[in-house]
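In case you want the letters, here they are:
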Amino acid sequence: MGKILVTGGLGYIGSHTVVALHESGYQVLIVDDLSNSEREVLSGLRDIIGFSPNFIELDLRDKSAVAQLFSGHQFDGVIHFAASKAVGESVENPLLYYENNLNGLIYVLQNCVAHNVHNFIFSSSCTVYGEPDHLPIDESAPIKRALSPYGNTKQIAEEILHDVCQVSEISTVLLRYFNPIGAHDSALIGELPKGVPQNLVPFITQTAAGLRKELSVFGDDYPTPDGSCIRDYIHVMDLAEAHVVALDRLMDREQQEPVEVFNLGTGQGNSVLEVIQTFEQSTGVSLPYKIVGRRAGDVIAVYADTTKATEILGWSTKRDLASSLSSAWAWEKRIRGL
Ligand code: NAD
Ligand code: WQD
């Protein structure tokens, strides 16, 4: 099987994907600058796969270091997770986001061209759709003006990849993730947010663990059945496995176009209040929460039409919301020693 460069491979989605790649026989080299992850993730990976994966600490903004990386290794494919991902921070510091998310991508692509690496997978986001005109949302829906610099980096990155794949031998799969949650069944790896979590599920598990007093539900006056926002929460291992299927397709040269785009979600929308209720039911832990005002920039409802991924990739999710939330809780309990 092939040797795959996984950028950002010590991060949340990257680390779970490393496990799925290993299970499918791929050899992995992880590159990460540890800006939003910890070296200890390697120990979790070692305990799951039986050995510590190859890792190089490297900042992808360092152009000559990226060139050196590609001179020293022949890769069969790249999965490019590395990016900064905090929406609020991107509003406060847009240049950091444009620099990191775009320069990193450009340097990696320049070296893919120079070293004949033809298979590329990019982490995109449902954020490129903005507020959908209809639901569920499919891949042909229009890309609307981004609501944040972070979202804009994903839109620009998609355009860069379209342009590069037109004039090079690189084939790309753009994977638009909906809301990844949960952790590996072993609870040896999971999500490690720095500071106060901005995302719903880590805030829920930290509240249940007693680190936060209560969860604030951002709005119950939206035009949805219970008034709270609706999202498509996908188990991170389902997401990880989709990367392997997409990579197999690239390696087998089954790709129909230079760039293919797939939504990765469950196809099911759940409201914030439903997530709380499912968390309480599946873990037996009661969660203190209060309703507060809306959060600026939140879309009302978004969930995926997954027909394309099902039909073309032959992939669909295997885990439901309850098991995703239970796995997130198992991980939180383990890291807090509960
Ligand atoms: P994460 O922050 O956990 O992982 C990203 C990793 O990239 C981190 O380990 C970080 O240290 C590393 N990194 C960042 N900049 C780097 C650089 N210049 N050089 C080397 N390493 C660098 O995030 P994640 O949730 O695993 O997200 C992975 C990808 O998926 C990102 O591109 C993100 O934008 C995208 N995405 C995430 C979500 C989500 O909700 N988690 C949703 C849609 C898309
Ligand atoms: C989910 C729902 C909140 C926290 C973000 C990015 C998006 C993508 C995924 C990368 C919303 C509500 C949340 C809380 C709450 N990332 N909520 N109280 O906003 O769908 O997407 O992460 O590409 O780009 O914007 O995810 O987990 O922040 O929120 O009520 O303390 O939970 O209002 O309805 P979101 P989220």
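First, a word on scope: everything that follows refers to the structure included in this document. (Residues numbered from 1 in each chain as written. Chains lettered and ligands numbered in written order. Predicted model: local features only at pLDDT ≥ 70, side-chain atom pairs only at ≥ 80, totals over all residues. Heavy atoms only, no water.)

### A word on the pattern of salt bridges
Note the cut-off: When a carboxyl oxygen of Asp or Glu is within 4 Å of a side-chain nitrogen of Lys or Arg, the pair counts as a salt bridge. Per the convention used, a helix needs a DSSP run of H or I reaching at least four residues, while a strand needs a run of E reaching at least two, with both numbered from the N terminus. Classification of residues uses two cut-offs on accessible area relative to the type maximum, computed with a 1.4 Å probe and protein chains only: under 20% is buried, over 50% is exposed, and between them is partly exposed.
Per the counting criterion, the structure on display carries 16 salt bridges. Residue Lys 318 is joined to Glu 241 by a salt bridge in which the shortest nitrogen-to-oxygen separation is 3.1 Å. Of the two residues, Lys 318 is situated in the loop between helix H10 (307-313) and helix H11 (321-336) and Glu 241 in helix H8 (residues 236-251); the sequence distance between them amounts to 77 residues. On the accessibility criterion, Glu 241 (18% relative accessible area) is buried. Overlapping salt bridges bring together Asp 238, Glu 241, Lys 318 and Arg 319 as one network.

### Focus: the side chain of Ser 324
Stated precisely, the cut-off is as follows: Contacts: residue pairs with any heavy atoms within 4.5 Å of one another.
For Ser 324, the position within the fold is in helix H11. Every residue in contact with Ser 324, bar those within four places of it in the chain, is listed here: Ile 181, Gly 182 and His 235.

### Observations regarding the packing of helix H7 (residues 200-208) against helix H9 (residues 272-283)
This is how the line gets drawn: In this description, a line fitted to the C-alpha atoms serves as the axis of each element, helices being fitted only across the stretch in contact, and the angle between N-to-C directions of two axes falls anywhere from 0 to 180 degrees. Oblique is the label for every angle not falling under 35 degrees (roughly parallel), over 145 degrees (roughly antiparallel), or within 65 to 115 degrees (roughly perpendicular). Note on convention: the crossing is left-handed when the near helix lies turned anticlockwise from the far helix by less than a right angle, right-handed when the turn is clockwise. Each residue is assigned to one of three groups, with Ala, Val, Leu, Ile, Met, Phe, Trp, Tyr, Cys and Pro labelled nonpolar, Asp, Glu, Lys and Arg labelled charged, and all others, Gly among them, labelled polar.
H9 packs onto H7 with a crossing angle of 40° between their chain directions and a minimal axis gap of 11 Å. Between H7 and H9, the crossing angle belongs to the class labelled oblique. Viewed along their axes, H7 and H9 form a crossing whose handedness is right-handed. Between H7 and H9, the contacting residues are Leu 200, Ile 204, Thr 205 and Ala 208 on the first element and Val 272, Val 275, Ile 276 and Phe 279 on the second. The residue inventory of the contact of H7 with H9, partitioned by class, reads seven nonpolar, one polar and no charged.

### Brief notes about the site of ligand 1
Formally: Each residue is tested against the molecule or strand, and it is near if at least one of its non-hydrogen atoms lies within 4 Å. Two N or O atoms form a polar contact when they lie within 3.5 Å of each other; inside protein one atom must be a possible hydrogen donor and the other a possible acceptor, and for residues adjacent in sequence the pair counts only when both atoms belong to side chains. Residue exposure ignores everything except the shown protein chains as possible cover, and the areas themselves are Shrake-Rupley values with a 1.4 Å probe.
Taken together, 27 residues lie near ligand 1, and Asp 32, Asn 36, Ser 37, Asn 100 and Tyr 150 sit nearest. Take Asp 32: an N or O atom from its side chain is 2.6 Å from an oxygen atom of ligand 1. Ser 35 is positioned such that a nitrogen or oxygen atom in its backbone is 3.1 Å from an oxygen atom of ligand 1. Out of a free accessible area of 820 Å², ligand 1 has 95% covered by protein chains. Contributing elements (two or more residues each) for the shell around ligand 1: helix H1 (12-23), strand S5 (119-125) and helix H6 (149-167). Among the residues forming the shell around ligand 1, the class breakdown is 13 nonpolar, nine polar and five charged.

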